[in-house]
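Residue-level structure breakdown
So the chains spell out like this:
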Amino acid sequence: MVLIKIDRVKNFLNFFHQLELSWQIYSILLIYIIIMLTAFVLKIEIGILLLLLLIAIFIFIYYYTNRFVSRIKMIANQLAKDIIVVNEKVYDNSVIGILLYDQDHRLSWGNSLANSIINYKNAVGQKLEDINPDLMTIIEIIDKEWQVITYNEKHYRVSHDVNSRAIYWIEFENEYNIQQQYKNNRIVYGYLLLDDFDEVVQSLDDQEASNFDADLINELNNWAQQQDIYIKRIEDDKFILLLNVKTLEKLENQKFKYFSEIREKYYARNIPISMSIGIAYSKDDKVKINRLAKEAQMNLDLALGRGGDQVVVKMDEEPARFYGGDTNPTEKRTNTRSKLVYQALINQIDQASNVIISGHKYPDMDSLSSALGIYKIATERRKLAKIIINESTFNTDIKNLLNSPQISYNLKNIFIDSETAKTYLNPKTLLILVDHHRPSLSEAEQLFVYGLNIVVIDHHRRSEEFPKQTVLTYIETTASSTSELITEFFMNVRNDSEPVNRFEATALLAGIIVDTNNFSMRTGSRTFDAASYLKSRGADTEQIQRMLQEDLLEVKKRNQLIERTEFYDSVYAITQSESGLPIDNVTAAQAADGMLSLTHVEAAFVIFQRTMTSIGISARSLGKINVQKIMESLGGGGHLSNAAAQLENITVDEAKDLLLQAINQNK
């Protein structure tokens with residue numbers, strides 16, 4: 001009997017100690033006992049009443065312990081059952097799909113919504129990759145933040161809890177469609193310019209010009225109506241375009257082929273008309289139309305600076321996208337424009353305290369010769385001038401030029417490195433870039449942060465990367481070389497002093513010869529005019545021939561490159577140097593020129609080791625293939641038929657893989 005009573009007390013105490021409130025009850029009991037003892041001291045009658053109450057509570061608990069404990073357990077069990085039922089209903093009817101998987105990536109459990117999403121019968125126990133490979137992609141998401149994915153052609157917001165091995169799904173199709181509709185309806189602003197419109201109209205009689213204009217406007221209006229585009233003529237050769245993002249995406253998927261088709265149509269009628277377009281849009285909901293208009297004009301200027309006949313599309317600060325540009329631009333240079341630019345250059349030099357001249361990294365003959373030409377102009381204006389060079393990157397041609405016996409001044413007083421150039425800087429220093437315009441390719445790259453006034457004189461197609469502080473820009477893509485542009489400056493000088501001496505004339509003519517591959521590429525009437533002028537000023541063609549003489553080892557390297565030529569898609573010729581064997585850019589360029597003479601070749605690429613950490617690609621084409629766009633995809637640039645790129649910290653084989661990807665992207 002006593003054992004039964006002891007067991008009853010033990011059971012109660014065990015149950016009581018399982019409760020989270022047990023220590024609070026012990027605390028209350030202790031306080032009660034203290035109060036009761038205090039009552040005995042102060043007034044014994046109250047103490048006795050408190051003691052009797054405590055005894056009564058203990059007696060009640062003693063006799064009703066089992067009933068109390070069983071009642072509590074019954075309530076707890078029922079509550080647990082109710083919770084399980086509620087949880088099951090909540091999980092099954094939840095707007096959130098839940099999938100659980102084990103350490104072997106087998107599905108352990110899924111609620112109704114998740115099972116309907118994966119659409120797979122008897123999925124429990126199956127591996128996720130067997131249910132759908134996309135599930136394995138989801139569990140690679142280690143961030144718990146909700147992410148939008150596409151699964152079975154529908155859109156969901158997904159969160160993955162790695163620790164719990166749980167995937168949570170929320171249907172996002174309606175919201176996604178609303179977002180896409182809102183995105184597609186964002187406004188896009190553009191300018192369309194008819195290239196050479198004035199020249200074309202002037203070449204036609206009044207009736208032909210009127211018919212041509214009416215026919216062209218009708219073509220553009222029909223196209224705009226079909227594409228749901230608003231078009232408005234604001235000048236004889238300029239139009240405003242208003243469209244939405246959805247239409248723009250459609251045009252980009254077509255690569256704006258309509259403009260190539262309309263150009264070919266008019267070319268077949270001997271009317272050389274083409275179009276340049278600048279397009280701007282933003283993902284900012286509050287963007288002002290004035291800002292889009294300015295950005296569209298900048299993109300149009302970029303298209304024209306790259307030779308025209310192309311479309312430039314840009315959103316906010318993202319890289320620009322280029323379409324078209326597969327034809328050589330017509331020559332628009334005139335003596336008047338050259339004179340105006342020369343006068344503007346003189347004004348900028350006169351306002352400067354000193355002049356820093358920079359060519360591009362790894363200089364060629366054109367880069368150094370044009371720098372020497374600008375040095376001559378600056379010193380004629382009695383300005384301190386210096387040329388930034390890196391002698392360690394000189395090729396054989398440059399070394400031969402600088403060892404010429406005709407040099408009449410000390411080159412050590414002219415040439416400085418980029419670090420020394422910093423000591424010459426002040427707020428009135430003028431920085432002149434020749435034969436390039438991209439800061440990342442400049443020998444003066446470290447100087448752009450000083451906010452100097454910059455003049456750009458170049459003949460390469462303009463890229464998106466461009467100096468921000470330019471006070472004068474002279475980019476003529478129809479010129480054979482920058483040396484030709486500089487020579488025209490001297491042709492416009494009318495004073496008693498000698499514009500160029502024999503050495504300078506020889507250097508400038510060498511720059512033209514090298515860039516035109518002995519007048520076989522990118523030459524026009526003005527090229528021969530410039531060459532004739534330089535020859536009259538004493539340019540020594542025999543010395544140029546000696547300067548350009550090749551070492552037998554370099555000839556063997558070039559021939560080895562040509563022998564290693566491989567063909568890609570029949571019309572692309574690609575060769576690469578041996579890994580670890582440095583080759584200079586002149587040898588590579590000559591090899592690319594030689595490969596163009598091979599049967600059926602339209603474009604040639606030479607991949608070569610420049611330094612131990614740098615790979616160069618020299619690209620040439622006959623005009624049908626735009627190698628400039630291919631090289632731009634690799635961070636380079638140049639002309640439609642003559643371009644190059646430099647890649648860092650990769651191997652020759654890796655560079656070849658990147659080149660093939662760029663070719664495929666630009667087909």
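Refer to the preceding data block for the structure.
Residues numbered from 1 in each chain as written. Predicted model: local features only at pLDDT ≥ 70, side-chain atom pairs only at ≥ 80, totals over all residues. Heavy atoms only, no water.

Glancing now at a nonpolar patch on the surface. On the surface, Ile-44, Ile-48, Leu-49, Leu-51, Leu-52, Ile-55 and Ile-59 cluster together into a nonpolar patch covering about 620 Å² of accessible area. In this fold, Leu-52 is placed in helix H3 (residues 44-63). (Patch = residues over 30% accessible without salt bridge, like charges linked within 9 Å, V, L, I, M, F, W, Y side chains within 5 Å. Areas by Shrake-Rupley, 256 points an atom, 1.4 Å probe, with all protein chains shown as cover. Salt bridge = Lys/Arg side-chain N within 4 Å of Asp/Glu carboxyl O. Helix = DSSP H or I, 4+ residues; strand = E, 2+ residues; numbered from the N terminus.)

Now for helix H13 (residues 289-305). With 17 residues, H13 extends 24 Å between its outermost C-alpha atoms, agreeing within 8% with the 24 Å of an ideal straight helix rising 1.5 Å per residue. All of the buried residues along H13 are Leu-292, Ala-293, Glu-295, Ala-296, Asn-299, Leu-300, Leu-302, Ala-303 and Gly-305. Looking one or two residues beyond H13, the residue adopting positive phi is Gly-307, at roughly 110 degrees. (Expected span 1.5 Å × (residues − 1). Buried < 20%, exposed > 50% of the residue type's maximum accessible area, 1.4 Å probe, protein only.)

A separate point is the side chain of Asp-316. Take Asp-316: it is sitting in the loop between strand E10 (310-315) and strand E11 (321-324). Separated by 2.7 Å, the side chains of Asp-316 and Ser-282 make a polar contact. For Asp-316, the residues in contact, after removing those within four places along its chain, are Tyr-281, Ser-282, Lys-283, Asp-284 and Arg-291. (Polar contact = N/O pair within 3.5 Å; in protein donor to acceptor, adjacent residues only side chain to side chain. Contact = heavy atoms within 4.5 Å.)

One open sheet accounts for six strands, arranged E7-E8-E6-E9-E10-E11; its pairing is mixed. Since the sheet does not close on itself, it has two edges, and those belong to strand E7 (230-235) and E11, each with one partner. Adjacent strand axes in the sheet meet at a mean angle of 20 degrees, parallel and antiparallel pairs treated alike. (Pairing = 2+ DSSP bridges. Axes fitted to C-alpha atoms, helices over the stretch in contact; angles between N-to-C directions.)

Counted under the stated rule, the structure contains 20 salt bridges. Where Arg-291 meets Glu-295, a salt bridge forms, and the shortest distance between an N and an O atom there is 3.0 Å. In this pair, Arg-291 and Glu-295 are both assigned in helix H13, four residues apart and thus about one turn of the helix distant. The class for Glu-295 is buried, based on a relative accessible area of 19%. Of the charged contacts in the structure, one is a salt bridge between Asp-350 and Arg-381, with a shortest N-O distance of 3.0 Å.

This brings us to the packing of helix H14 (residues 335-351) against helix H15 (residues 365-380). At their nearest, the axes of H14 and H15 sit 10 Å apart, and the two run at 60 degrees to each other. On the basis of the axis angle, H14 is oblique to H15. Crossing of H14 over H15 shows right-handed handedness. Residues Tyr-342, Leu-345, Ile-346 and Ile-349 of H14 form the contact with H15, whose participating residues are Ile-374, Ile-377 and Ala-378. (Parallel < 35°, antiparallel > 145°, perpendicular 65-115°, else oblique. Left-handed = near helix turned anticlockwise from the far one by under 90°.)

Applying the stated criterion across every chain, the model contains 13 aromatic pairs. Ring geometry for Trp-223 against Tyr-258: centres 5.2 Å apart, planes inclined by 10 degrees, an arrangement best described as stacked. Separated by 35 residues along the polypeptide, Trp-223 in helix H10 (residues 206-226) and Tyr-258 in helix H12 (residues 257-268) bring together distant segments of the chain. Comparing Trp-223 with Tyr-258, the two get one shared label, buried. Each ring, one from Phe-256 and one from Tyr-323, has its centre 5.3 Å from the other, and the planes form 50 degrees; the classification is tilted. On the criterion of sequence distance, the pair formed by Phe-256 in the loop between helix H11 (245-253) and H12 and Tyr-323 in strand E11 is long-range, its members being 67 residues apart. (Phe/Tyr/Trp six-rings, centres within 6.5 Å; stacked < 30°, edge-to-face > 60°.)

Reading across the sheet, the six strands line up as E18-E19-E20-E21-E23-E22 and stay open at both edges, with mixed pairing between neighbours. At either margin of the open sheet sits one strand with a lone partner, and together these are strand E18 (566-568) and strand E22 (637-638). Here E18 pairs with strand E19 (residues 572-576) via three bridges, running antiparallel. Residue pairing across strands places Tyr-568 opposite Tyr-572, the latter belonging to E19.

The next point concerns the nonpolar core. Counting residues in hydrophobic clusters, the biggest one holds 56 residues, and the most contacted among them are Leu-345, Ile-432 and Ile-457. Formed by 34 residues, the second largest nonpolar core is a distinct cluster that contains Leu-194, Ala-224, Phe-256 and Ile-273. (Core = buried A, V, L, I, M, F, W, Y, C linked by side-chain atoms within 4.5 Å.)

Bridge analysis of strand E21 (residues 614-621) against strand E23 (residues 642-648) gives seven bridges, and the strand direction is antiparallel. By the bridge assignment, Arg-620 is partnered in E23 with Asn-642. With two bridges connecting them, E22 and E23 associate as antiparallel partners. Across the sheet, residue Gly-637 finds its bridge partner in E23, namely Ala-644. Two successive antiparallel strands, E22 and E23, enclose a turn made up of three residues.

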